[in-house]
Amino acid sequence: MSESTDNTAPYTTVIGLEVHVQLLTKTKLFCSCENRFGAPPNTLTCPVCLGLPGSLPVMNREAFRLAVRAASALDCTIAEFTKWDRKNYFYPDLPKGYQISQFDLPFSEHGQLEAIDPKGGFAPRTVRILRVHLEEDAGKSMHDEAAGTADSRIDLNRTGTPLLEIVSQPDLRSAAEARCWLGELRLLLVYLGVSDCNMQEGSLRVDANVNLHIPRADGSLAKTPIVEIKNMNSFRSVERALTYEVARQYEEWQATGKELGSAPKQTRGWDDAAGITRGQRHKEESSDYRYFPEPDLVPVRLTADEIATIREGMPETPRALRQRLADTWNISAYDADVLVGQGRELVAYFEALAKLVDDGKVASNWMQQDVLRTLNDRGITIDAFPVPAEGLADVIGRVKKGDFDTSRGRDIFAEMINSGRSADEVVAEMGIAAVGEDELMTLCRELVAENPKIVADVQSGKQQAAGGLIGQAKKKNPNVNPGKVRELCLKIIGELPAP
Amino acid sequence: MSLSRDDVAKVAALARLALSEDELEQMTRELSKIVGFVSLLEELDTSDVEPLAHPLGTTNVFREDEPAPSLPVELAIATAPKQDGECFLVPAVLGD
């Protein structure tokens, strides 16, 4: 199968993802309770989100705007007419007994998003998006397993917060592609300011549908029953769960020959600690939700002008930004990917730095090594980084001028980060002074005089022997520039009379 | 158009209604009548009629994204059959 990423596998893996993201609004979707994570249980509720009789939902304008912005960035067609529907089911975290969602007329459909592996592990994959719709979230049920048969506790703070559901077509062909695509989706939504996509806090949740297409000897195709995987709490667990499930389905097919249609769609939960998927209840048929139009909310009609206005206000997408960084600053696609992956604020720092030092590659190297390492070590983001771009540009400028070498520059920068002082102050404090031309010349003459063996080697054509002088020079004066020492010493030796 | 007993039993189960055998009989009869009545609409040609999304003609009713105070927790959970001062308590939700 040419479509398979893993060319050695005797089947094609078919994966579709269903992603739920919480929108970054101040308030819930249909009421004015705050949309905030981490508040004490049941302190962010009102008659509307508690589903009390006589209350009426009213649509949050900002939630709708963010939803349209996200769908536009995903290349979706925005519907000029959209409405809401009730999805009926009973669960303790759903006080109304129905979820307000969108069924037959979602606000957007038919988009696409590409998965690109910057390391080139697989060819770029364009994944079609079936639909994006807006719905309300449910509450949270907590159960203390240790307490045995005790009651479950219900917190309805999350009930009614705005949720975007993004459904992909089954276009992904490996677990690695799925992980990469999710990474791109998250980055896009974060860049758009639509969601913080924090998986730990549940603001991004992923379910995966997966099955295998296995060619038979006669040329026909066997398709394994589709399995929906739930409970994946990180991108890594999505990749692990899919990898596990693909292997499990192939084994099961070999053992039972069971195909799509001979068994209902199965839901399996990912057990991260055990590293396996386990069977769960059979999924209810779609019609069992008995969808019907939501009478409490009126439809939304958007004119082409209004859709265009939302599109115009769109910030640069990560994909466009990568391209621009690579083009403007002459850095590799890989480097652009690393920088863009760190977020818009870090990219702004990089661009300021690149402009100041007028060198994208050097700026990118310092960002990826010294700046990113500090951010990771300290667990902070770039807005909390103690040295502004001007400060780092100052250090890089002095390295370029030859005041000191890169490794000395690194020490200085590290001290600036630690102390919050300027390059000037650190240089003075560390006793690092640019070594003057005369001083350097004197030092090099001494070196040449003290090392007849090296001089003889150089004179006999072994230029690399001069390297031995650099170590000694650093001992005499740690501030010397190794490149200059080498250059000067070779010049002095060259002017000596031939042996 | 008539409903089968199984149809009614399924709908009852989805609605969490426990119906006795007699009630199931009665509901099957009565619901079939209602469905039959609504089926009259099938005699009309509706190919030119746009589906009605909402009985009101209005669209685009929004509110601004401004927070307002929520209920105090005591009030929010006051009417729960069982609560612990902080959360609603329900029979154990396990699995899934």
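Conventions and cut-offs
- Residues numbered from 1 in each chain as written.
- Chains lettered and ligands numbered in written order.
- Predicted model: local features only at pLDDT ≥ 70, side-chain atom pairs only at ≥ 80, totals over all residues.
- Heavy atoms only, no water.
- Helix = DSSP H or I, 4+ residues; strand = E, 2+ residues; numbered from the N terminus.
- Rg over C-alpha atoms; globule rule 2.2 N^0.38 Å.
- Buried < 20%, exposed > 50% of the residue type's maximum accessible area, 1.4 Å probe, protein only.
- Contact = heavy atoms within 4.5 Å.
- Lys, Arg positive; Asp, Glu negative; His and termini not counted.
- Charge placed at Lys NZ, Arg CZ, Asp CG, Glu CD.
- 1 Å grid on protein atoms, 1.4 Å probe; cavity = no way out; pocket = protein on both sides within 12 Å on 5 of 7 lines; lining within 4 Å.
- Points joined across faces, edges and corners; volume = space filled by probe spheres on them.
- Nonpolar A, V, L, I, M, F, W, Y, C, P; charged D, E, K, R; others polar.
- Phe/Tyr/Trp six-rings, centres within 6.5 Å; stacked < 30°, edge-to-face > 60°.
- Lys NZ or Arg CZ within 6 Å of the ring centre and 35° of its normal.
- Buried area = accessible area lost by both parts, 1.4 Å probe.
- Salt bridge = Lys/Arg side-chain N within 4 Å of Asp/Glu carboxyl O.
- Polar contact = N/O pair within 3.5 Å; in protein donor to acceptor, adjacent residues only side chain to side chain.
- Pairing = 2+ DSSP bridges.
- Expected span 1.5 Å × (residues − 1).
- Domains from an automatic or database assignment.

**Side note on the overall build of chain A**
On a plain count of helices and strands, chain A comes out with 16 helices and 18 strands. The C-alpha atoms of chain A give 31 Å as radius of gyration, which overshoots the globular expectation for 499 residues (23 Å, by more than 25%). Dimensions of chain A, computed from the C-alpha atoms along their principal axes, are close to 100 × 60 × 55 Å. Considering chain A as a whole, with its 499 residues, one finds that 50% of them fall into the buried category. Across chain A, every contact between residues at least 6 apart in sequence was considered, and the portion connecting residues at least 24 apart equals 69%. One finds the centroid of the 59 positive side-chain charges in chain A at a distance of 2 Å from the centroid of its 72 negative side-chain charges.

**Some thoughts on the layout of surface pockets**
The gaps left among the atoms become clear once a water-sized probe is rolled over them. Residue and element names in this part refer to chain A. Taken as a whole, the second largest pocket spans an internal volume of roughly 1400 Å³. Contributing to the lining of the second largest pocket are 46 residues, with Gly183, Leu187, Asp337, Gly341 and Gln342 lying nearest its centre. Listed by contribution, the elements that provide at least two residues to the lining of the second largest pocket are helix 3 (175–192), helix 4 (235–256), helix 6 (318–329), helix 7 (333–341), helix 8 (344–357) and helix 9 (360–378). Take the lining of the second largest pocket: its biggest share by element is nine residues, from helix 3. Class assignment of the residues belonging to the lining of the second largest pocket gives a composition of 19 nonpolar, 13 polar and 14 charged.

**Quick notes on the environment of Val448 of chain A**
Residue and element names in this part refer to chain A. Of note, Val448 is situated in helix 13 (residues 437–450). Taking the C-alpha atoms as reference points, Val448 and Ile493, separated by 45 residues in sequence, lie 7.2 Å from one another. Excluding residues that lie within four positions of it along the chain, Val448 makes contacts with Val455, Cys489, Ile492, Ile493 and Leu496.

**Structural notes on the packing of aromatic side chains**
Applying the stated rule across the entire model yields 13 aromatic pairs over all chains. Ring centres of Tyr89 of chain A and Tyr289 of chain A lie 5.9 Å apart, and the angle between their planes is 70 degrees; on these two criteria the pair is classed as edge-to-face. Of this pair, Tyr89 of chain A sits in the loop between strand 5 (85–88) and strand 6 (98–101) while Tyr289 of chain A is found in the loop between strand 16 (276–282) and strand 17 (292–293), placing the two residues 200 residues apart along the sequence. Look at Tyr289 of chain A and Tyr291 of chain A: their rings are 6.3 Å apart centre to centre, the planes differ by 70 degrees, and that puts the pair in the edge-to-face class. When its relative accessible area of 14% is taken as the criterion, Tyr289 of chain A is described as buried. Here the aromatic cluster, defined as three or more aromatic residues joined through ring pairs, consists of Phe64, Trp84 and Phe107 of chain A together with Phe62 of chain B. Positioned over the ring face of Trp366 of chain A is Arg410 of chain A, at 5.8 Å from the centre of the ring.

**Considerations on the interface of chain B and chain A**
A common way to express how large an interface is: the accessible area buried when the components associate. Between chain B and chain A, the residue contacts involve 35 residues of the former and 53 residues of the latter. Taken together, both faces of the contact between chain B and chain A bury some 3900 Å²; the carbon and sulfur share is 56%. Viewed at the interface, chain A and chain B are joined by five salt bridges. With a closest N to O distance of 2.8 Å, Asp84 of chain B and Arg153 of chain A form a salt bridge. Taken together, the links from chain B to chain A amount to 22 residue pairs in polar contact (both at pLDDT 80 or more). For the side of chain B that touches chain A, the secondary structure elements donating two or more residues are helix 1 (5–14), strand 1 (62–63), helix 3 (73–76) and strand 2 (88–90) of chain B. It is strand 2 of chain B that provides the largest number of residues to the side of chain B that touches chain A, a total of three residues. When its residues are assigned to classes, the side of chain B that touches chain A shows 20 nonpolar, five polar and 10 charged. As judged from the three bridges shared by strand 10 (residues 152–155) of chain A and strand 2 of chain B, these two strands associate in the antiparallel manner. Paired with Ile154 of chain A across the two strands is Phe88 of chain B, which belongs to strand 2 of chain B.

**Structural notes on the sheet that holds strand 6 of chain A**
Residue and element names in this part refer to chain A. Strand order in this open sheet of three strands is 6-5-17, and the pairing throughout is antiparallel. Two strands lie at the open edges of the sheet, namely strand 6 and strand 17, each paired on one side alone. In this sheet, strand 17 lies alongside strand 5 in antiparallel orientation, the contact comprising two bridges. Looking across to strand 17, one finds that Asp85 is bridged to Pro293.

**Some words on helix 4 of chain A**
Residues and elements named next belong to chain A. Along its 22 residues, helix 4 runs 31 Å from first to last C-alpha, staying within 8% of the 32 Å computed at 1.5 Å per residue. Within helix 4, burial applies to Phe235, Ser237, Val238, Ala241, Leu242, Glu245, Val246, Arg248, Gln249, Tyr250 and Trp253. Immediately beyond the C-terminal end of helix 4, within one or two residues, lies Gly257, with a positive phi of roughly 70 degrees.

**A look at the pairing of strand 8 (residues 125–136) of chain A**
All names here are of chain A. Along strand 8, nine of the 12 residues are buried, which leaves the element largely enclosed by surrounding structure. Bridge count for strand 8 against strand 11 (residues 162–168) is seven bridges, and the pairing is antiparallel. Within strand 11, the position partnered with Ile129 by the bridge is Ser168.

**Focus: the domain arrangement of chain A**
Assigned domains of chain A: these are domain 1 (12–306), domain 2 (318–429) and domain 3 (437–495). Computed from C-alpha atoms alone, the centre-to-centre distance between domain 1 of chain A and domain 3 of chain A is 67 Å.

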